[in-house]
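Letter by letter, the chains look like this.
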Amino acid sequence: MRIAICDDDAQTLELMQSYVSRYAESRSKTLHAECFQTPDKLLALLQQNEYNNFDVIFINISMPGRSGIEVASIIRNHNFNIYIVFITGLLNHMPDAFRLHAFDYISKPISISNVFRVLDDLTRSYPTLTVISDRSEVSISANQILYIESLGKKAVIKTFGGDYPTYISQKSLIANLPKSFIQCHKSYIFNMQMVKKRNAANCMLVNDSVIPIGRKYMHVFKDAYFRYLLDSGRNL
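A few points on the structure. Keep in mind the model is a prediction, meaning the values are calculated, not measured. (Residues numbered from 1 in each chain as written. Predicted model: local features only at pLDDT ≥ 70, side-chain atom pairs only at ≥ 80, totals over all residues. Heavy atoms only, no water.)

With respect to the pattern of salt bridges
Following the criterion strictly, the structure yields 9 salt bridges and no others. Residue Arg 66 pairs with Glu 70 through a salt bridge whose shortest N-O separation is 3.2 Å. On the accessibility criterion, Arg 66 (31% relative accessible area) is partly exposed. Measuring nitrogen to oxygen at the nearest pair gives 3.1 Å for the salt bridge that ties Asp 163 to Lys 158. Each member of the salt-bridge network shares a partner with another, and the members are Asp 40, Arg 66 and Glu 70. (Salt bridge = Lys/Arg side-chain N within 4 Å of Asp/Glu carboxyl O. Buried < 20%, exposed > 50% of the residue type's maximum accessible area, 1.4 Å probe, protein only.)

Here's what the structure looks like:
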């Protein structure tokens, strides 16, 4: 799970990052957290990758310059799939938070129990793929998967945290993955959430991997990607 934490208070950032790290350790989860002390720095990084850098954004509502509500509204105009969790001491902003489909909120002063509660809920909301890899059963968050490459009878699941070789067919993999995954080539299945750039011949993902689009898959890919953009609220 890729997490952004945005707050103008350095102590809050340090505390939140500490709680996220403790949660990851206690639950044996892979979480990547990045901190931002200004909303503009967060937005600048999001814009570079078509608002697809993070799965979850924890953001303070009251900050100098842009408010967390304003930032969330900008994000929602580009990506409807990002989970947004507001950090606030002011509950009068809750109607705006619900309008922007916030996942939850954490009230100040921040407690470790509240952070763990929200992270538990977020973890349960993520679809997972369970496979046998290197003779062990592993559950992989679908939002961590970049793409899957078929190499003969073996499939290699490429994630932000590493590679997972397995012997599951492409048909079975697609059947057990969310609709954001599509087969675009005889050797590749990829997560449309991870697209950074695209052209007629290939897609570049957020980690700069280039995935080819096979000729026989081109029309199916175009239709599926167009539907995905409409459903997710991302720019066409």
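Let us keep going from here.
Here we look at the pairing of strand S11 (residues 181-185)
Taken across its 5 residues, S11 has 5 buried, putting it largely inside the fold. Bridge count between S11 and strand S12 (residues 188-191): 4 bridges; the pairing is antiparallel. Note on S12: the bridge partner recorded for Gln 183 is Ile 189. What sits between the antiparallel neighbours S11 and S12 is a turn of 2 residues. (Helix = DSSP H or I, 4+ residues; strand = E, 2+ residues; numbered from the N terminus. Pairing = 2+ DSSP bridges.)

Quick look at the state of the cysteines
Here the structure, examined in full by the defined rule, presents 0 disulfides. Free of any disulfide, Cys 184 has its nearest neighbouring cysteine sulfur in Cys 203, separated by 6.6 Å. (Disulfide = S-S within 2.5 Å.)

Details of the sheet that holds strand S14 (residues 202-205)
The pairing of strands in a sheet happens through backbone hydrogen bonds and is either parallel or antiparallel. On the basis of which strands lie adjacent, the open sheet formed by 3 strands has the order S13-S14-S15 and antiparallel pairing. Either end of the sheet is taken by a strand with one partner, and the two such strands are strand S13 (195-198) and strand S15 (210-212). Across this sheet, the average inter-strand angle for adjacent strands is 30 degrees, counted without regard to direction. Across 3 bridges, S14 lies against S15 in antiparallel orientation. The residue bridging Cys 203 from the neighbouring strand is Ile 211, located in S15. (Axes fitted to C-alpha atoms, helices over the stretch in contact; angles between N-to-C directions.)

With respect to the packing of helix H1 (residues 10-27) against helix H5 (residues 112-125)
At a closest axis distance of 10 Å, the pairing of H1 and H5 adopts a crossing angle of 55 degrees. Overall, the two elements H1 and H5 adopt an arrangement that is oblique. Crossing angle aside, the handedness with which H1 passes H5 is right-handed. Along the contact surface, H1 presents Met 16, Tyr 19, Val 20, Arg 22, Tyr 23, Ser 26 and Arg 27, while H5 presents Ile 112, Val 115, Phe 116, Leu 119, Asp 120 and Thr 123. Of the residues assigned to the contact of H1 with H5, the class counts are 8 nonpolar, 2 polar and 3 charged. (Parallel < 35°, antiparallel > 145°, perpendicular 65-115°, else oblique. Left-handed = near helix turned anticlockwise from the far one by under 90°. Contact = heavy atoms within 4.5 Å. Nonpolar A, V, L, I, M, F, W, Y, C, P; charged D, E, K, R; others polar.)

Concerning empty space enclosed by the protein
By the definition in use, this model includes 1 cavity of 30 Å³ or more. Looking at the largest cavity, its volume works out to about 70 Å³. For the largest cavity, the full set of lining residues is Arg 2, Asn 52, Phe 54, Asp 55, Asn 79, Asn 81, Ile 82, Tyr 83, Tyr 126, Asn 143, Gln 193 and Tyr 228. In terms of residue class, the lining of the largest cavity is made up of 5 nonpolar, 5 polar and 2 charged. (1 Å grid on protein atoms, 1.4 Å probe; cavity = no way out; pocket = protein on both sides within 12 Å on 5 of 7 lines; lining within 4 Å. Points joined across faces, edges and corners; volume = space filled by probe spheres on them.)

Side note on the packing of aromatic side chains
Under the counting rule described, the total for this entry stands at 7 aromatic pairs. Taking 5.2 Å as the distance between ring centres and 90 degrees as the angle between the ring planes, the aromatic pair formed by Tyr 23 and Phe 116 counts as edge-to-face. Of this pair, Tyr 23 sits in helix H1 while Phe 116 sits in helix H5; the two residues are 93 residues apart in sequence, bridging distant segments of the chain. The pair formed by Tyr 23 and Phe 116 is uniform in burial state, with each residue classed as buried. Their ring planes at 45 degrees and their centres at 5.9 Å tell us that Phe 190 and Phe 221 sit as a pair that is tilted. With a gap of 31 residues between them, Phe 190 in strand S12 and Phe 221 in helix H7 (residues 218-232) connect regions that are remote in the sequence. Taking relative accessible area as the criterion, Phe 190 reaches 0% and is therefore assigned buried. Aromatic ring contacts, followed pair by pair, group Phe 190, Phe 221, Tyr 225 and Tyr 228 into a single cluster. (Phe/Tyr/Trp six-rings, centres within 6.5 Å; stacked < 30°, edge-to-face > 60°.)

Re the environment of Asn 60
As for its position among the elements, Asn 60 is in strand S3 (residues 56-60). For Asn 60, a relative accessible area of 5% gives the class buried. What Asn 60 contacts, discounting residues up to four positions off in sequence, is Cys 6, Asp 7, Asp 8, Gly 68, Ile 87, Thr 88 and Lys 108.

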